[in-house]
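Residues per chain are reported as follows:
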Amino acid sequence: MKVISPIDAQEEVEALLEAGADELYGGFVPPAWQERFSLLTSLNQRTFDTAQISSKEELKSIIAAIHSSGKLFSLTLNSPFYSDSQLPIIIDYIADMVDIGVDGI
C-alpha cells in the first residue's frame, strides 16, 4: 500500500515520513499569482493561507528533505478550470517547479 499525505510546512516533514508516508503533496502559490488573482481564485483548491507552503525557499527545503529520505513530492495543481489570462502564469510556474525538483503535479 502506498501512503500519500498532504504537507503544509517544513516542520511536518519528519513526522509524516516517520509515520510511513511514501509521498507527500502540497500547495504553493507563487507571488505572481497572489498579486494578480489572490487565494480566492484557486490555483490548487487549497484556498486558505495556512494550507499553502509559505515560500519557494520553504518548498525547496521540504523537497530536499523528502528526497533525502528517498520519497517523492507532488505539487497540488487542481483547480476545476483556469482562465486564458492564467495559463501563461501556470506554464511558467510548472517549469519553475520542475526546476526545483517537484516529482509530480
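The text that follows walks through the structure, step by step, so that each part is easy to find. The structure displayed is predicted, hence computed values, not measured ones. Per chain, the residues get numbers from 1 upward, laid out in the order the sequence is written. Owing to the predicted nature of the model, reporting of local features is limited to residues with pLDDT of at least 70; listing and counting of side-chain atom pairs is limited to 80 or more, with chain, interface and lining totals taken over all residues. Values reported for side chains reflect all heavy atoms of the structure, with hydrogen atoms and water molecules removed beforehand.

## Notes on the pattern of salt bridges
- A pairing counts as a salt bridge when a side-chain nitrogen of Lys or Arg comes within 4 Å of a carboxyl oxygen of Asp or Glu. This structure, assessed with the given rule, holds four salt bridges.
- A salt bridge links Asp 22 to Lys 71; the nearest nitrogen and oxygen atoms lie 3.6 Å apart. Of the two residues, Asp 22 sits in the loop between helix 1 (13-18) and strand 2 (23-26) while Lys 71 sits in the loop between helix 3 (56-68) and strand 3 (72-75), which places them 49 residues apart along the sequence.
- Judged by its relative accessible area of 25%, Lys 71 is partly exposed. Runs of E in the DSSP output that reach at least two residues are strands. Runs of H or I that reach at least four are helices, and both are numbered from the N terminus. Here the term buried applies to any residue with accessible area under 20% of the maximum for its type, exposed to any over 50%, and partly exposed to those in between, with areas from a 1.4 Å probe on protein chains only.

## Quick notes on the pairing of strand 2
- For strand 1 (residues 4-6) and strand 2, the ladder comprises three bridges, and the chain directions are parallel. Bridging from a neighbouring strand, Pro 6 pairs with Tyr 25 of strand 2.
- For the crossover that starts at strand 1, traverses helix 1 and ends in the parallel strand 2, the hand is right-handed. Only when DSSP finds a minimum of two bridges between them are two strands counted as paired. Call a crossover right-handed when, viewed with both strands pointing away from you, the route from the first strand across the helix to the second goes clockwise.

## What about the sheet that holds strand 3?
- The sheet built from three strands is open, its strands ordered 1-2-3 with parallel pairing. Strand pairing shows two members of the sheet lacking a second neighbour, strand 1 and strand 3, which therefore form its edges. The average angle at which neighbouring strand axes cross in this sheet is 30 degrees, direction not considered.
- Pairing between strand 2 and strand 3: four bridges, direction parallel. Bridge assignment links Glu 23 to a residue of strand 3, and that residue is Leu 72.
- Throughout, a contact is declared for two residues whenever any of their heavy atoms are within 4.5 Å. Inter-axis angles, ranging from 0 to 180 degrees, are taken between N-to-C directions of lines fitted to C-alpha atoms, where helices are fitted over the stretch in contact. Helix 3 rests against strand 2 and strand 3 of the sheet, and its axis sits at about 145 degrees to strand 3.

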